[in-house]
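Structural features, examined
Given next are the chains, with one letter for each unit.
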Amino acid sequence: MTSACHQFMKFNTRLCRSCVRHYGIFSKNTGSEKKNEEQEQSVPWGSPEVNEKFVEEFTKKQNLPNPVRNTEKEYFDSLKNPDRLEKGLLDGKFFTKKFGISKDLLAWLSWDINLNNFDEIRLHSMIWYLKTLRKEQKLQANRVEALGYDLSAAHFVVSQGGAVKFLGREAWYVRNKQGKSTLPNISVKGLYIEAIDFHNVAITQEAFENLDKLSQIRYMKFDNCQFFDDWCLARLYCLSETLEFLDIRNCSEVTDRGLSCLHSLKNLQCLKLSNLKKVQHIGLITLLLEEALPNLTVLGVSEEDLKPPESKYRGERKLVQALLGYFEDSEKNKDGISQVQV
C-alpha cells in the first residue's frame, strides 16, 4: 500500500520507501542493485537529507522554482519562463529562445525594399520609427484617471525627455540618467502645468492628446523637434486662452500653412522663429501675425525678410492673407469679388 506522503512531499516530514523509489531519488542505472540497496540502507528514512533531496529532484522534473534556493527575482522570472532561468545569448528585442522572432522583426523582414539602396532603407526605417512614436504617445486613460490631467501630462512630458514646470513653483522636473523623475505618483490637488520644454524631443501630433486640456499653460518650447509639423501647430488652438510664449525654431516640417494657424492664439505675446526650411513667406506672415495680434512680438526674423523686394514677392501678401483667413476692405470688381492691393 502506497503511503500518502507522495501527495504532500513538500510538507510531510517523513517519506516512505516506496515514494523514494517511485520518484527516482536513487537511480538504479548508475550501479548494481546490491550497491543501491546498501546506499538506501545507509540513509535513515525520514531524515532532512532525504526530504531535501526529494524536493530538489521533484522541482527539477516539474520545472518549478525553489523559493528557498532562488532569490525573489529569479523566482518570479522562473515562474514566467520555467524552461530557463538565465537569459539566452541571442535573446533580445527581436528574438527570444522561447517565442522566436518578434512581430517587429517579421514586419521589418516583410518590407519590399532594395537592400542595396541606403536612402530607401533609411526612409522605411524612419516611417517605422514614426509609427512607433505615434503609438507610444497616445493618451493613456488609466493614467489620467489615477493622476489627474495636469499631473498625467507632466509624467508624459518627462517620460519623452522633456521638462515641465508647475504654476507657483520654480523647479523644473526632468528625468535623470536612470530614466526616473521626482514627480508624485498619486493625485495631488493644486498642481497645474505652467511651462513645457520639448527641446530636441521627437514629438508628434498624437502627443497633443495629453496636452490639449491644460488650463494654466503659458510657455511652450518645441525647439529642434524633427516631427513637429503643421498638424501640431493646428492643435495649439486648444490652448489659445492661456498660451503666451511659443518657440518653434529649427522645426524643419513647419510650412506657411502651419504658421497661419497661429493667428488663433489670442494671448500670444512672444513667438520665436528661425531656420524654418519649408516656410517661403516668413516675412509677410510675420507682419500679418503682428497685425492680427497687437501684443505679439516675433523674434528671429531678419529685416531683409520683413522687407522683401516687391518684384520678387509680388502677390505674396494676397496669398498670406488668404492663409490667415481674412481680406482687407478694398474695391470690388464687376463680378462683386473683393480685390486686395499688392
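In case you missed it, the structure is sitting above this.
Residues numbered from 1 in each chain as written. Predicted model: local features only at pLDDT ≥ 70, side-chain atom pairs only at ≥ 80, totals over all residues. Heavy atoms only, no water.

Further remarks concern the side chain of Asp 150. With respect to the secondary-structure elements, Asp 150 resides in helix 8 (residues 149–159). Here the side chain of Asp 150 touches Ile 193 through a polar contact of 3.0 Å, landing on its backbone nitrogen. Those residues in contact with Asp 150, other than ones at most four positions away along the chain, are Leu 191, Tyr 192, Ile 193 and Leu 214. (Helix = DSSP H or I, 4+ residues; strand = E, 2+ residues; numbered from the N terminus. Polar contact = N/O pair within 3.5 Å; in protein donor to acceptor, adjacent residues only side chain to side chain. Contact = heavy atoms within 4.5 Å.)

So, on to the pattern of salt bridges. Going through the model one piece at a time under the given rule, you end up with 8 salt bridges. The salt bridge involving Glu 253 is made with Lys 278; its shortest N-O contact spans 3.0 Å. One end of the pair, Glu 253, is in the loop between strand 7 (245–247) and helix 10 (256–260); the other, Lys 278, is in the loop between strand 8 (270–272) and helix 11 (282–292), and 25 residues separate them in sequence. Here the residues in one salt-bridge network are Lys 165, Glu 194, Arg 218 and Glu 244, joined through shared partners. (Salt bridge = Lys/Arg side-chain N within 4 Å of Asp/Glu carboxyl O.)

A regular strand carries its side chains on alternate faces of the sheet. Burial along strand 3 (residues 163–166) is two-sided: Ala 163 and Lys 165 and Val 164 and Phe 166, pointing in opposite directions, are all buried. The sheet contact formed by strand 3 and strand 5 (residues 193–197) spans 4 bridges and is antiparallel. Residue Val 164 lies in a different strand from strand 5, and its bridge partner there is Ile 196. Relative to strand 4 (residues 172–173), strand 3 is paired through 2 bridges, and the arrangement is antiparallel. Bridge pairing links Val 164 to Tyr 173 in strand 4. (Buried < 20%, exposed > 50% of the residue type's maximum accessible area, 1.4 Å probe, protein only. Pairing = 2+ DSSP bridges.)

Coordinates in, geometry out; function isn't part of it.
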